[in-house]
Amino acid sequence: MSWRQKSNGSDPLHDDARPLIHPDDILPVAEEPPGRLGRLRALLLRLRPPSLAARTSLLLICGLGVIQAGGLTIHALDRLDFDRRMMEEKYHTEVATLYRGIVETAPDHRDAELTTLHMPATFHAELTPGPEPDMIDSLMAAPRGGRMGGGHMDWWGGGPGGGPNGGPGRRIGDRDGDRDDRARADHRPDGPDDRPPGPPRGQPHGFGGGPFGENRPPRMGGMPPLPPNLRPLQVMVSPTTRGRRHAIAFLLPDEHRWLTIHYVVPRPSIFRSPTFPIAFILMTVAGGVLILWGVRRLIAPVGTLAAAAEALGRDVNAPPMPEDGPQEVARAAIAFNTMARRIRRFLSDRTLMLTAIGHDLRTPITRLKLRAEFIEDEEMQQRFLADLDELESMVAATLSFGRDAEQREPMSSLNLTILLQTILDEATETRPDLADAIGFTEDPPDVTIHARPVALKRALNNLVMNAVKYGGGARVTLFPPEPGGRNDPDEMVTRLWIEDDGPGLPPEDLERMFDPFVRAEDSRNRETGGTGLGLSISRNIIWGLGGDIKLGNRTPHGLRASVTLVC
């Protein structure tokens, strides 16, 4: 909620009769509802894990995931490039094998041989009178390093010297070579111009001497070298604009036709190998398990500290924490144990002081009682003795309270159902006139708990006797054990109600009744109001057992004491 000043037309700087800003001039201004960012932040807060171990584990696992993703991305890019090169080599070998199978067949049987060849599913080959219109020469498509457009390579090389037979190779445009070729072409039966233009026989572009064939042995896509008379006269390749679809055309050395091969290179995928996702999953799972184990080991001292604090709340004389482990954990344990010792010393000093005062008051009280016997006024004597009896009762209650604080009764297993039945039977013997109003509301379950028997009996007896004394009866309801709830889901607790039909208490006094020497009865009469220590003693005992107690009014009247005990 924000505020703004109310304007009334006057000038506060020149008005000396009132302050600059008066409280009445401040008006509340409604805050705007949270925007999208605020709603997102609220959603993240709701989804945030509740425990420190879960939050730390989630943070580390997310960081591991980011690092894993980065590393695997780099690995995947390298793997994709490697797979692409391997696919190119594989398909070049397939192309070379297909060409060799056709070129080694007699020209009259090549069509039949082409139909009987077992080609991969992505391959298609045919004999055509010429290359496709958009094909380019392999020399023009070959970049540096021998790579050719469309993913093709420099399929054949010349001999050591670049030529077909190992001698010096002839480049395109060599005048002597051109004259020899034209001379051979003039003596052919079919004339000089029947063949398509191209390089000399045995000297295809990029397949003999020249810039892409120098000093390299003859090869054909990983196949053994071809003899010069089987090498294509010219090679045409598809442009790079076709993507994964490629085509290559070979001009056969002994006829006018071209062997055109179409094939599709599959897109490389990192998931083609089953080991890749398996390795990713195994690394992620192993990293997550290691993180969870490490976080639990690191966060374990926090849980130990919480358990020690809870044990100290139940029993001030609980054993100390182990002061070992990492330096920070050891320092925290030492500080906690020091605090526990100071608390025990403070409680012990307070209890000893209270007990000493109560014990020392007994002597003057006894002396006053003796002197009261000499008072001649009988009525005054009775009043004087009544006040001394009340004072003596308060001192006895104080000593009992101190003894309860210093008691070292061991914990043991006891049947709570039998203990409650014993308390109710004793209350019935004390007030036989209220026997019908004292007992269980229904058949109780059989409940066994771990507690201090004598102390617990005293605490529950105080509650039952208060209900009988101020409410005219005591009705007890015992519930079966159930999980402890949010603090410790594995801990089992049992609940019981002690109810009466009295007038109840004002709501503001329900919690105040647990304070020492506080009574709901204002007459200060010991017979009707007691000393005001019964509920305080009961709560201290129940708290020392790890339980809790609360008071609440019933409808339409009456009081209910709700007790929770750890099984």
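Residues numbered from 1 in each chain as written. Predicted model: local features only at pLDDT ≥ 70, side-chain atom pairs only at ≥ 80, totals over all residues. Heavy atoms only, no water.

K.L.:
Got a minute to help me understand a nonpolar patch on the surface in this structure?
P.N.:
A surface patch of nonpolar side chains, amounting to about 510 Å² of accessible area, comprises Leu37, Leu40, Leu43, Leu44 and Leu47. Structurally, the position occupied by leucine 37 is in helix H1 (residues 36–47). By relative accessible area, leucine 37 is classed as exposed at 57%. (Patch = residues over 30% accessible without salt bridge, like charges linked within 9 Å, V, L, I, M, F, W, Y side chains within 5 Å. Areas by Shrake-Rupley, 256 points an atom, 1.4 Å probe, with all protein chains shown as cover. Salt bridge = Lys/Arg side-chain N within 4 Å of Asp/Glu carboxyl O. Helix = DSSP H or I, 4+ residues; strand = E, 2+ residues; numbered from the N terminus. Buried < 20%, exposed > 50% of the residue type's maximum accessible area, 1.4 Å probe, protein only.)

K.L.:
I tried to follow the UniProt feature "transmembrane region" (unreviewed entry) in the chain on my own but got confused; where do I start?
P.N.:
The UniProt entry lists residues 52–77 and 276–295 under the feature "transmembrane region" (unreviewed entry), expressed in the numbering used here. Taken end to end, residues 52–77 has its terminal C-alpha atoms 38 Å apart, with 100% of it in helix and 0% in strand. (UniProt positions renumbered as here; feature names shortened; annotations may be inferred.)

K.L.:
What exactly am I supposed to notice about helix H12 (residues 534–544) here?
P.N.:
Because an α-helix completes one turn every 3.6 residues, residues spaced three or four positions apart along the sequence face the same direction. Counting buried positions along H12 gives eight out of 11 residues, so the element sits mostly inside the fold. Taken as a whole, H12 has its buried residues at Leu535, Ser536, Ile537, Ser538, Arg539, Ile541, Ile542 and Gly544. Count one or two residues on from H12 and you reach glycine 546, which has phi positive near 85°.

K.L.:
Teacher, can you tell me more about the sheet that holds strand E4 (residues 136–137) here?
P.N.:
Strands in a sheet are paired, the pairing made by backbone hydrogen bonds, and the direction either parallel or antiparallel. Reading across the sheet, the five strands line up as E3-E7-E6-E5-E4 and stay open at both edges, with antiparallel pairing between neighbours. Every other strand in the sheet has two partners, leaving strand E3 (123–128) and E4 as the edge strands with one partner each. Pairing of E3 with strand E7 (residues 258–264), which is carried by six bridges, proceeds in the antiparallel orientation. By the bridge assignment, glutamate 126 is partnered in E7 with threonine 260. Set on the sheet, helix H2 (residues 52–103) makes contact with E3, strand E6 (245–251) and E7; between it and E7 the angle comes to about 155°. (Pairing = 2+ DSSP bridges. Contact = heavy atoms within 4.5 Å. Axes fitted to C-alpha atoms, helices over the stretch in contact; angles between N-to-C directions.)

K.L.:
Sorry if this is basic, but what is going on with the packing of H2 against helix H6 (residues 275–314) here?
P.N.:
Two numbers describe how H2 lies on H6: the axes approach to 9 Å, and their chain directions differ by 150°. Taken together, the axis directions place H2 and H6 in an arrangement best described as roughly antiparallel. Remark: the crossing between H2 and H6 carries right-handed chirality. Contacts from Leu52, Ala53, Thr56, Ser57, Leu60, Ile61, Leu64, Gln68, Leu72 and His75 of H2 reach H6 at Phe276, Phe280, Met283, Thr284, Gly287, Gly288, Ile291, Leu292, Val295 and Ile299. Residues of the contact of H2 with H6, tallied by class, amount to 13 nonpolar, seven polar and no charged. (Parallel < 35°, antiparallel > 145°, perpendicular 65-115°, else oblique. Left-handed = near helix turned anticlockwise from the far one by under 90°. Nonpolar A, V, L, I, M, F, W, Y, C, P; charged D, E, K, R; others polar.)

K.L.:
How should I be thinking about the pairing of strand E10 (residues 448–451) in this particular structure?
P.N.:
Here is the key point about a regular strand: its side chains alternate between the two faces of the sheet. Side chains Ile449 and Ala451 of E10 all project onto a buried face; the interleaved residues Thr448 and His450 project onto a face where none is buried. Alignment of strand E8 (residues 412–415) against E10, held across four bridges, turns out to be antiparallel. If you follow leucine 414 over to E10, its bridge partner there is isoleucine 449.

K.L.:
What should I look at first to understand the packing of H6 against helix H7 (residues 327–372) in this one?
P.N.:
Packed helix pairs are characterised by how far apart their axes lie and by the angle those axes make with each other. With their axes 11 Å apart at the nearest point, H6 and H7 run at an angle of 5° to one another. The angle between H6 and H7 places the two elements in the roughly parallel class. On H7, the residues that touch Pro301, Leu305, Ala308, Ala309 and Leu312 of H6 are Val329, Phe336, Met339, Ala340, Ile343 and Arg344. Here the contact of H6 with H7 is built from residues that sort into 10 nonpolar, no polar and one charged.

K.L.:
Mind showing me how you'd approach the packing of aromatic side chains here?
P.N.:
The way to describe two aromatic rings as a pair is by their centre distance and the angle between their planes. Applying the stated criterion across every chain yields a total of five aromatic pairs. Considering the side-chain rings of tyrosine 91 and phenylalanine 123, the 5.4 Å spacing of their centres and the 15° angle between planes classify their relative orientation as stacked. Pair noted here: tyrosine 91 is in helix H2 and phenylalanine 123 is in strand E3, with a separation of 32 residues, a long-range link. Residue classification places phenylalanine 123 among the buried residues on the basis of a relative accessible area of 8%. Judged by centre distance (4.8 Å) and plane angle (45°), the rings of tyrosine 99 and phenylalanine 250 are tilted. (Phe/Tyr/Trp six-rings, centres within 6.5 Å; stacked < 30°, edge-to-face > 60°.)

K.L.:
Can you walk me through the pattern of salt bridges in this structure?
P.N.:
Close approach of charged atoms allows side chains with opposite charge to pair. For the structure on display, the rule yields 21 salt bridges. A salt bridge links aspartate 254 to arginine 110; the shortest N-O distance between them is 2.7 Å. Taken together, the residues span a long stretch of sequence, with aspartate 254 in the loop between E6 and E7 and arginine 110 in helix H3 (residues 110–116) at a distance of 144 residues.

K.L.:
Just checking my understanding: could you explain the environment of leucine 391 for this structure?
P.N.:
Within the secondary structure layout, leucine 391 lies in helix H8 (residues 378–406). Along the backbone, leucine 391 and isoleucine 365 are 26 residues apart, and their C-alpha atoms lie at a distance of 7.9 Å.

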